[in-house]
Amino acid sequence: HLASHADIAGPDALLSTLSAASNEKAVIGLDSATAADALSRTITAAGGIARRLADPVTQLKAIKNATEISGARTAHRRDGAALARFLAWIDHEAPGGALTEIDAVEALETFRRETGALKDVSFPTISGTGPNGAIVHYRVTRKSNRRIKPGDLLLIDSGAQYEDGTTDVTRTIAIGEPTAEMRDRFTRVLRGHIAVASAIFPDGVHGAQIDALARQFLWQIGLDFEHGTGHGVGSYLSVHEGPARISKLGHAPLRRGMILSNEPGYYKTDAYGIRIENLELIVEAKIDGAEKPMDTFETLTLAPIDRRLVDVAQLSAQERTWIDDYHARVRREIKPLVDEATKVWLDAATAPLT
């Protein structure tokens, strides 16, 4: 397809082509985020001017077209069915104490492969229980592999590549009875997640302007998390896609059609980790009387949030409504796609908060 629109050359031709194009002080743009310094030196040596710019193609990729948006919704329904099967399996098997972190990784990939559409995982699955869950970018090995025990939290961050979309989702699961502290911290993370998911903002704001929404309830008691709240996600491409992100360093404008993660967390060293992650599509917020274009998020990820970890007393009426509405949507869209045993589990996992 590309060959019908452009001349294709091998990598070996790059430097010589740049040199030939750089005579008579020609100005050549280089992506400020990724272009190697060797390219700048090649252009300068040949008499040209290397100018660092934002790659316009990156912005075009980040704003999904109608086909990509439709595909993302389909991919997340498919992925949600696989996740529901996995979460039901974990709930049934993990309390016995026989499963390990690697068992969880392998089972989740198996459920995704059984969709018949999986091309690959979108990144190596993070499966951390107990103190391993407090390591933000933990990767389980045969040496570090920990048994999932009652009283622990299991943090599992995973994603899939399908031809119609890329997924990335994190769920924190209570194995047995969680402590009051675990429930408090989980609920504060959840409230931050809801604040981002339900935010309304002008089209083109920067991710840094939204980042604090996710942290506010942790900040109230002197806590925080040391990673960004969200990153851009590709369409059957990189699961970490620029230029936009929700973080203290997120200075690219957020535009309709972008897909970003919403993943606040909390990590207690040597104890446990918590993260709640959904992918969000930026869509128009229709507001009567608005004086500028306004946007909001449409949640793409469809997977239950562990109700056992929610301290309902902390929640506002609006937050309770958000959770119940989200779970009702998960049940409505995922239940027709799963087996009978998973349907029974799903009904309980998505029941209204009490």
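Cut-off values and rules
Residues numbered from 1 in each chain as written. Predicted model: local features only at pLDDT ≥ 70, side-chain atom pairs only at ≥ 80, totals over all residues. Heavy atoms only, no water. Helix = DSSP H or I, 4+ residues; strand = E, 2+ residues; numbered from the N terminus. Buried < 20%, exposed > 50% of the residue type's maximum accessible area, 1.4 Å probe, protein only. Contact = heavy atoms within 4.5 Å. Areas by Shrake-Rupley, 256 points an atom, 1.4 Å probe, with all protein chains shown as cover. Lys, Arg positive; Asp, Glu negative; His and termini not counted. Charge placed at Lys NZ, Arg CZ, Asp CG, Glu CD. Expected span 1.5 Å × (residues − 1). Polar contact = N/O pair within 3.5 Å; in protein donor to acceptor, adjacent residues only side chain to side chain. Core = buried A, V, L, I, M, F, W, Y, C linked by side-chain atoms within 4.5 Å. Axes fitted to C-alpha atoms, helices over the stretch in contact; angles between N-to-C directions. Parallel < 35°, antiparallel > 145°, perpendicular 65-115°, else oblique. Nonpolar A, V, L, I, M, F, W, Y, C, P; charged D, E, K, R; others polar. Pairing = 2+ DSSP bridges. Salt bridge = Lys/Arg side-chain N within 4 Å of Asp/Glu carboxyl O.

Colleague: What exactly am I supposed to notice about the overall build of the protein here?
Modeller: When you go through the protein residue by residue, the secondary structure sums to 9 helices and 16 strands. Across its three principal directions, the C-alpha atoms of the protein cover 70 × 55 × 40 Å. Considering the protein as a whole, with its 354 residues, one finds that 50% of them fall into the buried category. A separation threshold of at least 6 residues defines the contact pool for the protein, and within that pool the share at least 24 residues apart is 66%. Of the roughly 16500 Å² of accessible surface on the protein, 54% is carried by carbon and sulfur atoms. Here the protein carries 41 positive and 47 negative side-chain charges, and the mean point of each set is 2 Å from the other.

Colleague: What should I look at first to understand the environment of Leu213 in this one?
Modeller: Within the element layout of this structure, Leu213 appears in helix H7 (residues 208-219). Note on Leu213: relative accessible area 30%, which makes it partly exposed. Sequence spacing of Leu213 and Val105 is 108 residues, and the spatial spacing of their C-alpha atoms is 31 Å.

Colleague: Is there a simple way to think about helix H4 (residues 66-93) in this case?
Modeller: The α-helix advances 3.6 residues per turn, and as a result positions three or four apart in sequence lie on the same side. Taking 1.5 Å per residue as the helical rise, H4 with its 28 residues ought to reach 40 Å, and the 41 Å between its terminal C-alpha atoms agrees with that figure. Two or three places before Thr67, at the start of H4, stands the capping residue Asn65, its side-chain oxygen 3.1 Å from that residue's backbone nitrogen.

Colleague: Explain the nonpolar core here, please?
Modeller: Across soluble globular proteins, you tend to see nonpolar side chains buried next to one another. In terms of nonpolar packing, the biggest core is built from 74 residues, with Phe86 and Ile90 touching the most fellow members. Not counting residues within four places of it along the chain, the set of residues in contact with Phe86 comprises Ala104, Ala107, Leu108, Phe111 and Ile156. Counting residues in hydrophobic clusters, the runner-up holds 9 residues, among them Ala72, Val233, Leu279 and Leu281.

Colleague: Help me understand the packing of H4 against helix H9 (residues 340-349) in this model?
Modeller: Interhelical geometry of H4 versus H9 gives an angle of 80° and a closest axis separation of 9 Å. For the element pair H4 / H9, the angle class is roughly perpendicular. Contacts between H4 and H9 involve Ala84, Arg85, Leu87, Ala88 and Asp91 from the former and Thr342, Trp345 and Leu346 from the latter. Taken together, the residues of the contact of H4 with H9 sort by class into 5 nonpolar, 1 polar and 2 charged.

Colleague: Looking at this model, I keep getting lost on the sheet that holds strand S4 (residues 126-129). Mind explaining?
Modeller: The strands that make up a sheet are held in pairs by hydrogen bonds between backbone atoms, and each pair lies either parallel or antiparallel. Pairing within the open sheet is antiparallel, and its 3 strands lie in the order S4-S5-S8. With partners counted over all chains shown, the strands left at the sheet margins are S4 and strand S8 (169-174), one partner each. Going from strand to strand, the sheet's axes swing by 10° on average, the running direction of each strand aside. Both S4 and strand S5 (residues 153-158) contribute to a ladder of 4 bridges, which runs antiparallel. Residue pairing for S5: Ser127 is matched across the bridge by Ile156.

Colleague: Sorry, what's going on with the side chain of Thr187 here?
Modeller: Mapped onto the fold, Thr187 is located in helix H6 (residues 180-197). Since its relative accessible area comes to 0%, Thr187 is described here as buried. Separated by 2.7 Å, the side chain of Thr187 and the backbone oxygen of Arg183 make a polar contact.

Colleague: Honestly, the pattern of salt bridges in this entry has me stumped. Any pointers?
Modeller: In the structure shown here, the tally under the stated rule is 27 salt bridges. A salt bridge links Glu263 to Arg275; the nearest nitrogen and oxygen atoms lie 3.7 Å apart. Of the two residues, Glu263 sits in the loop between strand S12 (259-262) and strand S13 (265-268) while Arg275 sits in strand S14 (residues 272-275), which places them 12 residues apart along the sequence. Each member of the pair, Glu263 together with Arg275, is buried.

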